[in-house]
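Survey of secondary and tertiary structure
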Amino acid sequence: MLHVDHLSKTYGEGSGAVEAIHDVSFDVDAQELVCVVGPSGCGKTTLLKCMSGLLAPTGGEVRLGSERVDGPPEKMALVFQEYNRSLYPWMTVRQNVGFPLRTRSLGKRERSTVVEDAVASVDLSRFLDRYPWELSGGMQQRVAIARALAYQPEILLMDEPFASVDAQTRADLEDLVLRIRHQFGVTVVFVTHDIDESVYLSDRIVVLTPSPTEVHEVLEVPLPRPRHQVSTKELPEFAHLRAHVYRAIKRRQGQGEDDAAARPAAEPFARS
Amino acid sequence: MTRRRALDLLLEAGVPVLLLVVVAIWSSNSGSYYYPPLTDVLSTFRRAWLFDRVGSDVVPSLVRLGLGYAIACAAGVAIGLVLGLAPRLRRAADPIVQFLRAIPPPALLPFSILVLGVDNTQKIFIIAFVSVWPVLLNTIDGVAGVDPTLRETARVYRIGRTDRVLRIMLPAASPQIFAGMRTSLSLALILMVISEMVASTNGIGYFVLESQRTFAIPEMWSGILLLGILGYGFNALFVLVERRVLRWHRGARASALS
């Protein structure tokens, strides 16, 4: 469904040029949930911006279905990391979620049904007429997700969406993503630097190298579904996968395994 | 909490009243020709402004102020939006804007009288020309400084140009636009008075100058008093409107700080 084909991106020109993405190719199938992980500063956000048509790649291309992406496609929605900067503070939850639908040829009643359903699916119906800044961080990100769902995309891109919420909220939001993905049959590309999160959510994981970025490895995640925050993470396969991804990222960063082993065993991948 | 608030209100209202009483007592047996007793000024104020000269002087002044200020706000926001959205154009326009804005306003009076005559048009022009700059510059700054994530969100959701400008850029820049409008409001009042002091036959500014020239000192003071009251009133009204319109902004900022 989504094809990233020899994508490269260089910022600037001449001697000041910075190569952010060297050469990245991978495919995402319909209704698949793919996580893109990589070390901090590895060009994940650049990659996502190229995939969403916000940024023109220097080389290669991104295709959605058979169409080349050269601007934000109609069938694509994006959830940003900074929910407090991507929701419009002068609009209520209802207005925020409904705003992208203004251009759609929907009747007024139909539109408000779509909006209310989307908000209900993230459990915020009671807050329809509140402003985003009256809600907690996790709730604001749920509003952003509702806005994306109301847009009725075939593919949903998420840019480290839970990087700035607390751990408990993050677990709830991860489960929300799994639920809506199932409920709406939407394809999800989820960018994160959190290895646990990527293993927990994914059908497949695309592991990136440090900048200038290439694909280090594409990993199948054969963990059973539905997944569960406790029982899934107890599985030996989960631990193996997580260790595998961790080593892949750390090795590419030039850190040996001994180094990793020297860390406290309980939580080697401290969440930031 | 409420007791504290009551005390604040008492202070806010009480201090000016106290000051008035002090001035009244001090001036009551003043022999000075230039500082007549406050009671004289107040009774002149009542005679002149309630409501004898309202039609002849206050209304013309307010019409000039209102029109000049409205034109300044509309033009400032409209041009500011265009320049704020177009970096190239902004660059090209910047020296011109900075130059025009730097001209001391009264220096424009002789020119404007020459070209536009001495009627309302000239006064409205002067008021608008001078008070447009704070609105314009703040609109440019506000629009150009809209958070990139906010813009990208609009692009991802394929928001049309009109909606993007009017429903995203404009509200996002509105806190800064309002700050500019507030500065412009006091400028407009100043320019209203100045323009009425030169080549005019009516208006509050004209009245103050004419009273001084005819040694009607209590009248002069009553005009100054009225201008002060108007300025205070307009500012209070402005704050009231701003609070309503920018309620979201105060809320968002408060929640970001907490």
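Figured I'd write up the structure that's included with this text. Here the residue index of a chain counts from 1 through its sequence in written order. Chains and ligands are labelled sequentially in the order written, the chains with letters from A and the ligands with numbers from 1. Where local features are concerned, this predicted model is filtered to residues with pLDDT of at least 70; where side-chain atom pairs are given and counted, the filter is 80 or more; whole-chain, interface and lining totals use all residues.

1. Section: the overall build of chain A
The line we're drawing: Runs of H or I in DSSP of at least four residues are treated as helices and runs of E of at least two as strands, each being numbered from the N terminus. Here the globule rule reads 2.2 Å times residues to the power 0.38, and the radius of gyration is calculated from C-alpha atoms. Exposed residues have 12 or fewer other C-beta atoms within 10 Å of their own C-beta, buried residues have 20 or more, and partly exposed residues fall in between, where C-beta atoms are placed from the backbone. Note on contacts: residues are paired as contacts if their backbone-placed C-beta atoms lie within 7 Å.
Within chain A, the secondary structure is distributed over 10 helices and 10 strands. For 272 residues, the compact-globule estimate of 2.2 N^0.38 gives 19 Å, and chain A sits close to it at 19 Å. If you line up chain A on its principal axes, its C-alpha atoms span 60 × 50 × 30 Å. For chain A, the proportion of its 272 residues judged to be buried stands at 42%. Pairs at least 24 residues apart make up 69% of the contacts formed inside chain A by residues separated by at least 6 positions.

2. Here's the deal with the overall build of chain B
A count of helices and strands for chain B gives 11 helices and zero strands. Here the C-alpha coordinates of chain B stretch approximately 75 × 60 × 30 Å along the principal axes. Counting all 258 residues of chain B, 33% fall into the buried class. By sequence separation, contacts in chain B at least 24 residues apart represent 75% of the contacts at least 6 residues apart.

3. Topic: the nonpolar core
The criterion, for reference: For the purposes of this analysis, a nonpolar core is taken to be any set of buried Ala, Val, Leu, Ile, Met, Phe, Trp, Tyr and Cys residues that are connected through C-beta atoms within 7 Å.
Residues A:A146, A:V189, B:I127 and B:A188 are the most contacted members of the largest nonpolar core, which totals 123 residues. Here this core takes 15 residues from helix α8 (residues 161-197) of chain B, the largest share from any one element. Dropping the residues within four chain positions of it, A:V189 is found in contact with A:L2, A:V28, A:V34, A:V36, A:M51, A:I155 and A:L157.

4. Examining the sheet that holds strand β4 (residues 59-64) of chain A
The strands making up a sheet are joined through hydrogen bonds of the backbone, oriented either antiparallel or parallel. The criterion, for reference: Pairing between strands is defined by DSSP: at least two bridges between the two strands are required.
With mixed pairing, the 10 strands of this open sheet are ordered in space as β5-β4-β1-β2-β10-β9-β3-β8-β7-β6 (chain A). Where the open sheet ends on each side, the last strands, each with one partner, are β5 (67-68) and β6 (76-79) of chain A.

5. Focus: the interface of chain A and chain B
Heads up, the condition is: For this classification, Asp, Glu, Lys and Arg are treated as charged, while Ala, Val, Leu, Ile, Met, Phe, Trp, Tyr, Cys and Pro are nonpolar and the rest, including Gly, are polar.
Of the residues lining the interface, 21 residues belong to chain A; the matching set on chain B comes to 19 residues. Sorting the residues of the side of chain A that touches chain B by element identifies β6 and α2 (83-86) of chain A as the ones contributing at least two each. If you tally residues by element for the side of chain A that touches chain B, the top one is α2(A), at three residues. Split into classes, the residues belonging to the side of chain A that touches chain B amount to 12 nonpolar, four polar and five charged.

6. What about helix α4 (residues 108-121) of chain A?
All names here are of chain A. For clarity, the threshold we go by: The span one expects for a helix is its residue count, reduced by one, times 1.5 Å. The arc in question is the one spanned by the directions pointing from the helix axis to the C-beta atoms.
Taking 1.5 Å of rise per residue, the 14 residues of α4 would be expected to cover 20 Å, and the 20 Å separating its terminal C-alpha atoms lies within 8% of that figure. Turning to α4, its buried residues number three or more, namely V115, A118 and V119. Looking straight down α4, one finds its buried side chains confined to an arc of 95°; they lie on one side. Set apart from the buried face of α4 by more than 90 degrees, the exposed residues are R109, E110 and T113. Looking one or two residues past α4, D123 carries a phi angle of roughly 60°, positive in sign.

7. Quick look at the environment of A:V143
All names here are of chain A. When you line up the elements, V143 lands in helix α5 (residues 137-150). What makes V143 buried here is the crowd of 26 C-beta atoms within 10 Å. Distance in space between the C-alpha atoms of V143 and Y83 is 8.6 Å, their sequence separation being 60 residues. In contact with V143, other than residues within four places in its own chain, are L87, V93, N96, V97, L124, P132 and L135.

8. Here's the deal with unusual backbone geometry
Residues and elements named next belong to chain A. With omega at -5°, the peptide bond leading from S211 into P212 counts as cis. Within the fold, P212 resides in the loop between β9 (204-208) and β10 (213-220). R225 connects to P226 through a cis peptide bond whose omega is -5°. Position of P226 among the secondary structure elements: in the loop between β10 and α8 (231-234).

9. Some words on the packing of α4(A) against α5(A)
Residue and element names in this part refer to chain A. The condition is simple: Helix axes use the C-alpha atoms of the stretch in contact, all axes being lines fitted to C-alpha atoms, and the angles between their N-to-C directions lie in the range 0 to 180 degrees. Throughout, the term roughly parallel applies to angles under 35 degrees, roughly antiparallel to angles over 145, roughly perpendicular to angles from 65 to 115, and oblique to all others. In a left-handed crossing the near helix is turned counterclockwise from the far helix by less than a right angle, and in a right-handed crossing that turn is clockwise.
Running from N to C, α4 and α5 point in directions that differ by 135°, and their axes come no closer than 8 Å. Judged by the inter-axis angle, α4 sits oblique to α5. Crossing handedness for the pair α4 and α5: right-handed. Across the interface between the two elements, V114, V115, A118, V119 and S121 of α4 pack against A146, L149 and A150 of α5.

10. Description of the pairing of strand β1 (residues 2-11) of chain A
Residue and element names in this part refer to chain A. Where β1 meets strand β2 (residues 18-28), seven bridges bridge the pair, whose relative direction is antiparallel. What sits directly across from K9, in β2, is I21. Connecting the antiparallel pair β1 and β2 is a turn made up of six residues, with G12 showing a positive phi of about 75°. Strand direction decides the pairing type here: β1 and β4, joined by five bridges, are antiparallel.

11. As for the environment of B:T153
Note on placement: B:T153 falls in helix α7 (residues 148-156). A sequence separation of 59 residues divides B:T153 from B:D94, and the C-alpha atoms of the two residues are 29 Å apart. For B:T153, the contacting residues outside a window of four places in its chain are A:F80 and A:S86.

What is shown is where atoms sit, not what they do.
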